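# Understanding the architecture of this molecule
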Amino acid sequence: TWHGPARSDLINRFLEQFPQSRHIRYEALCHDAFMQTRRDAFGDTAFPEYHIGRANILVLLGADPFACGRNRLKYMREFASKRLPGDERMSRVYAFEPAFSETGACGDYHWPVNPKDLYKIAGALANQIVIKDGHSAYINNDSVKSVLNQFEPAEVEKELHLEDGRLAKIARELWDNRGQGLILSESYSNQFEGAEKLHYLVHFLNIILENEGKTITAGSIPAARGASPAEDIMQFIADMKTGKVGAVLVYDTNPVYSMPEQAGFEDCFKNVPIRVSMADRIDETARLCNYLLPGLHGAESWGDAEPLTGLYNIQQPTISPLFDNRQFEDSLLNLGFKLGKADFGNGDKPFGFYAYLRRYWRESIFRQDRLAADFEAFWVDLLQKGFYASREYEQLQNQQAGEFNSSVLEGIGYDGSSPGGLVINLTVSSLRYDGRYQNNAWLLETPDPVTRITWDHYLAIAPSRASEMGLKDGDIVSFTHASQTFEIPVHLAPGTHKDVAALQVGWGRTSVGAVGDGLGINAFKLAGSDNGRPDNLLTGVKLEKTGKHRFLATVQGHNYIEGRPILFETTLDKYKHDHHAGLHKHHVPEGSLWKQDHSYPGHLWGMVIDLNRCIGCNSCIVACMTENNIPYVGREEVLNGREMNWLRIDRYFQGDPENPKIIRQPMTCHQCKKAPCETVCPVLATVHNDEGLNLQIYNRCVGTRYCSNNCPYKVRRFNYYDYYKNAHPDKVSHFALNPDVTVRTRGVMEKCTFCIQRIRDAHHKAKSEGRPVRDGEIIPACAQTCPGDAIVFGDLNDPDSRISRLARDPRAYRALEELNIEPQVAFLYLIRNRDAEETEEDGSHGH
């Protein structure tokens, strides 16, 4: 599904040898319904690209670009860059969605809305702009007006329980920010019967608001990257059923696992005489194949990609193949592939994909731009940079879609109030994705970005719905859909619409590996079929209590801070008038238990975390685990409160229990100058060094755990078992360990030390070059990986360093500083772009 230019060229040339063959691109998380509406509206077959960093107003109508967007990291980084209260306009984010999504949880406003009703919000916004306010070129288009007249904003607000005048206010903000707004509906979840009405209206809104060509660019993502149309896939299944398909080669997709049950793919697939899998493991589809040509992992392979039209990436192997496997492309080249040896081979020796890749780049990309440089010099430069931006890429950065076909609106009708029965909306998690990472224990133990639950699959329902049914968190229910019955625990999720339950796909693997097999249920199979497309909104669901219970493995035991001074916030308007508006000053006692203060004449390492930039994606947690050899402990130990993550992201609710606001706070060791952990350690296993780091000496630790009891941030972890002995039984597994970091054994306390191994390496390099350590030269794993650039590390003794400037920012505060422990981690308090009169009191009150 993610074919680069060279691979696509190779596949096409391979298929040329077999005139009756074809290439089916099946993607489990397809956005086919959205793309069909875009083809109808603009005649555009390529995917649009969203420029969230250009949008002052962002309206999410069930869209979750952080979890299932095509360029998720780009969207995360651009989103964070627009959430700063600086000179440029800070974005305002409105989220209308069935339940809190990873993107919606970062918004300024949030309303739970049934997926079937999302199109009504889009229609009401269009009504307000075109009919009520008389804007756009469509004010005299009778056919468009007759459609929009059905969506009276006041009536929609009343039906969906929105505040009076809310949609009019949003519509006017969007019009005032023409060309600098963005309305998103593209999502895996927004693929159901009737969803095309939502997408057509969103296309219309973005056209009349002049967003096309500015915050949305057309043709930015090549059409070849998308899945085949649903009609082609359904025809392929029908051909297999009737025996017209003689052989199938499967690579980089797992349709037996992810195809809806109604599609009947599995039974038809068994009818094919020759079934070949080129996966890197025996997955659900490979189990039904009669030939296996094991492929390589991406880290072992050569390749390329074209994420945006004209922007090319090169992929280099980082390790040699661990096993006797062969790259997918090399398998194609050896399946009777006939090419000129003069072009690719040396004598009678078989050539490989590396030679094919170089040849493709030389003949296509290099010559296409008529570059004057020598190809070898170009190739070396490409390998160093990792990408090449062609002239075509520069030309497409502001390309607008074709003329909007307003006739697509003519069939849109207002369906009235939605029926009150419960529906289940299939959603995507960035951790689970389409299930391909389900055997990764680090990801399974990483908390869900919204619910903070690990290892467990659950059905998220509204607290009010649970109260009516007499359900508590973790109670197991059975639900029946299309003659299939499953049992699953429920999670009471604030911010969920009362008539909607959210269920993640990506679980229920039966052939992914020892760690991931048998966890949860396969929600992909539950999807219906809307003209061949998955229908991800399950209706007619019957939910019943079973009387059974399963404690969910959550790492967050409390959802409110009870007024404790660890989190502060204000609104943008208040911040503009007073940069200290979000802070409550607390008395810091004078004096100390120490006889004298310690001095740090050289470096004083510290960290600043911007709560506006943090989007709660948990990338920092995974980076910390992989960098520092942090073991996973498993579900049972998480339930015992023994998770080992050195870094965590706490999540708290504020306001209405049914639809609260969410605030997140990364929490790591604060390297306190007057560290409470050090005063109680009987063996001096935790001490300070002369650069302000609170160190942990593993060989001294005898496991009293006094330090953990005395830590106000609860960021110290005790190693109860020898996890690595059981988790890494073979030599290959040890390749996952960082050789620069000690592997700890049972009975010792461990914690964050700002990636001291990286600090040490920077010192050695600077010393060898005869210079001081530069500002920004040391980047801990968490800061390096954060897509929002929320974490900044540096030397607080350097007044000109970036961290020193941030530490002096009026938004900066230190959590629990009134304990007089002098933490070296500061936070920049949260600023929401909400109207001041709609916001609770500033500061931590109300969480």
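Definitions and cut-offs
- Residues numbered from 1 in each chain as written.
- Predicted model: local features only at pLDDT ≥ 70, side-chain atom pairs only at ≥ 80, totals over all residues.
- Heavy atoms only, no water.
- Helix = DSSP H or I, 4+ residues; strand = E, 2+ residues; numbered from the N terminus.
- Rg over C-alpha atoms; globule rule 2.2 N^0.38 Å.
- Buried < 20%, exposed > 50% of the residue type's maximum accessible area, 1.4 Å probe, protein only.
- Contact = heavy atoms within 4.5 Å.
- Areas by Shrake-Rupley, 256 points an atom, 1.4 Å probe, with all protein chains shown as cover.
- Lys, Arg positive; Asp, Glu negative; His and termini not counted.
- Charge placed at Lys NZ, Arg CZ, Asp CG, Glu CD.
- Pairing = 2+ DSSP bridges.
- Salt bridge = Lys/Arg side-chain N within 4 Å of Asp/Glu carboxyl O.
- Axes fitted to C-alpha atoms, helices over the stretch in contact; angles between N-to-C directions.
- Parallel < 35°, antiparallel > 145°, perpendicular 65-115°, else oblique.
- Left-handed = near helix turned anticlockwise from the far one by under 90°.
- Nonpolar A, V, L, I, M, F, W, Y, C, P; charged D, E, K, R; others polar.
- Phe/Tyr/Trp six-rings, centres within 6.5 Å; stacked < 30°, edge-to-face > 60°.
- Lys NZ or Arg CZ within 6 Å of the ring centre and 35° of its normal.
- Core = buried A, V, L, I, M, F, W, Y, C linked by side-chain atoms within 4.5 Å.
- pLDDT = per-residue confidence, 0-100.
- Disulfide = S-S within 2.5 Å.

A tally of helices and strands in the protein chain yields 28 helices and 33 strands. Whereas a compact globule of 847 residues would reach a radius of gyration of roughly 29 Å, the protein chain reaches 28 Å, a difference of no more than 12%. The dimensions of the protein chain, computed from C-alpha atoms along their principal axes, are 85 × 75 × 65 Å. Per-residue burial over the protein chain gives 59% buried out of 847 residues. A separation threshold of at least 6 residues defines the contact pool for the protein chain, and within that pool the share at least 24 residues apart is 74%. Per element, the accessible surface of the protein chain, about 35,000 Å² overall, is 49% carbon and sulfur. Measuring between centres, the 94 positive side-chain charges of the protein chain sit 4 Å from its 110 negative side-chain charges.

This next bit is on unusual backbone geometry. Even without a glycine there, the phi angle at H161 is positive, about 60°. Structurally, H161 can be placed in the loop between α7 (153–160) and α8 (166–176). Of the residues examined, H161 reaches a relative accessible area of 71% and is grouped as exposed. The backbone of Q671 sits at a positive phi, close to 45°, despite the residue not being glycine. Relative to the assigned elements, Q671 resides in the loop between β25 (661–667) and α23 (676–680). Take Q671: its relative accessible area is 0%, and that puts it in the buried class.

Below, the discussion takes up the sheet that holds strand β15 (residues 475–481). Backbone-to-backbone hydrogen bonds pair the strands of a sheet. The strands run either parallel or antiparallel. If you walk across this open sheet you meet the seven strands as β20-β13-β17-β14-β16-β15-β21, and the pairing is mixed. Two strands close off the open sheet at either side, each with one partner strand: β20 (537–538) and β21 (542–549). Two strands pair when backbone bridges link them, and strand β14 (residues 459–461) and strand β17 (residues 500–504) are joined in this way by two bridges, in the antiparallel orientation. What sits directly across from L459, in β17, is L503.

Scanning all chains against the criterion turns up 46 salt bridges. The residue E769 makes a salt bridge to R771 at a minimum N-O spacing of 2.7 Å. You can call E769 partly exposed: its relative accessible area is 44%. Judged by its relative accessible area of 16%, R771 is buried.

With that settled, the discussion passes to the sheet that holds strand β4 (residues 109–112). Strand order in the open sheet made by the four strands is β4-β3-β2-β5, with parallel pairing throughout. At either end of the open sheet lies a strand with only one pairing partner, and these are β4 and β5 (181–184). On average, each strand axis in the sheet is tilted by 5° relative to the strand beside it, whichever way the strands run.

Now for the packing of helix α2 (residues 32–42) against helix α9 (residues 195–208). Running from amino to carboxyl end, α2 crosses α9 at an angle of 50°, the nearest separation of the two axes being 9 Å. With respect to α9, the element α2 is oriented oblique. Relative to α9, the crossing made by α2 is right-handed. Residue-level contacts link A33, F34, T37, R38, D40, A41 and F42 of α2 to E196, H199, Y200, H203 and I207 of α9. In terms of residue class, the contact of α2 with α9 is built from six nonpolar, three polar and three charged.

With that settled, the discussion passes to α8. For α8, the tally of buried residues reaches eight of 11 residues, placing the bulk of the element in the interior. Taken as a whole, α8 has its buried residues at R166, L167, A168, I170, A171, E173, L174 and W175.

Using the criterion set out here, one finds 35 aromatic pairs in the structure. Between the aromatic rings of Y138 and F204, the centroid separation amounts to 5.1 Å while the plane-to-plane angle is 75°, which identifies the pairing as edge-to-face. Of this pair, Y138 sits in the loop between α5 (118–132) and α6 (142–148) while F204 sits in helix α9, and the two are 66 residues apart along the sequence. Across this residue pair, the class does not change: Y138 and F204 are buried. Seen from their ring centres, F204 and F404 are 5.8 Å apart, and the 45° between their planes marks the pair as tilted. Placement of the pair is F204 in helix α9 and F404 in the loop between α17 (391–395) and β13 (423–427), with a sequence separation of 200 residues. Note on F204: relative accessible area 0%, which makes it buried. One Lys or Arg, R362, reaches over the ring of F375 and ends 5.7 Å from the middle of that ring.

Put simply, α7 and α8 touch, their axes get as near as 8 Å, and they point 125° apart. In terms of orientation, α7 lies oblique with respect to α8. Two secondary-structure elements touch here, α7 through P153, V156 and E157 and α8 through R166, L167 and A168. Its residues placed into classes, the contact of α7 with α8 shows four nonpolar, no polar and two charged.

In this structure, L567, W605, M607, Y713, F754, Y813 and F827 are the most contacted members of the largest nonpolar core, which totals 70 residues. Per-element tally for this core: the top contributor is helix α21 (residues 619–627), with four residues. Leave out the neighbours within four places in its chain, and M607 touches T668, F754, P780, C782, I791, V792, F793, I803, Q824, V825 and A826. Ranked by size, the runner-up nonpolar core spans 48 residues in total, among them V59, L160, I208 and A218.

Take the pairing of β5 next. Every second residue of β5 is oriented toward a common face, with G181 and I183 on one face and L182 and L184 on the other, all of them buried. For strand β2 (residues 57–61) and β5, the ladder comprises four bridges, and the chain directions are parallel. By the bridge assignment, I57 is partnered in β5 with G181.

With that settled, the discussion passes to the confidence of the model for the protein chain. Detailed reading of the predicted coordinates is not advisable wherever pLDDT falls low. The predicted model of the protein chain averages 88 in pLDDT, with 93% of residues at 70 or higher. Mean pLDDT per element in the protein chain: helix α14 (residues 341–344) is the minimum at 49, and β2 is the maximum at 96. In the model, residues 841–847 has pLDDT below 50 throughout and makes 29 contacts with residues more than four positions away in sequence or in other chains.

Summed over the entire model, instances satisfying the criterion amount to zero disulfides. With no disulfide of its own, C289 has C268 as its nearest cysteine by sulfur position, at a separation of 15 Å. We note that C782 lacks a disulfide partner, and the nearest cysteine sulfur, in C755, lies 6.2 Å from it. Given the relative accessible area of 11%, C782 is considered buried.

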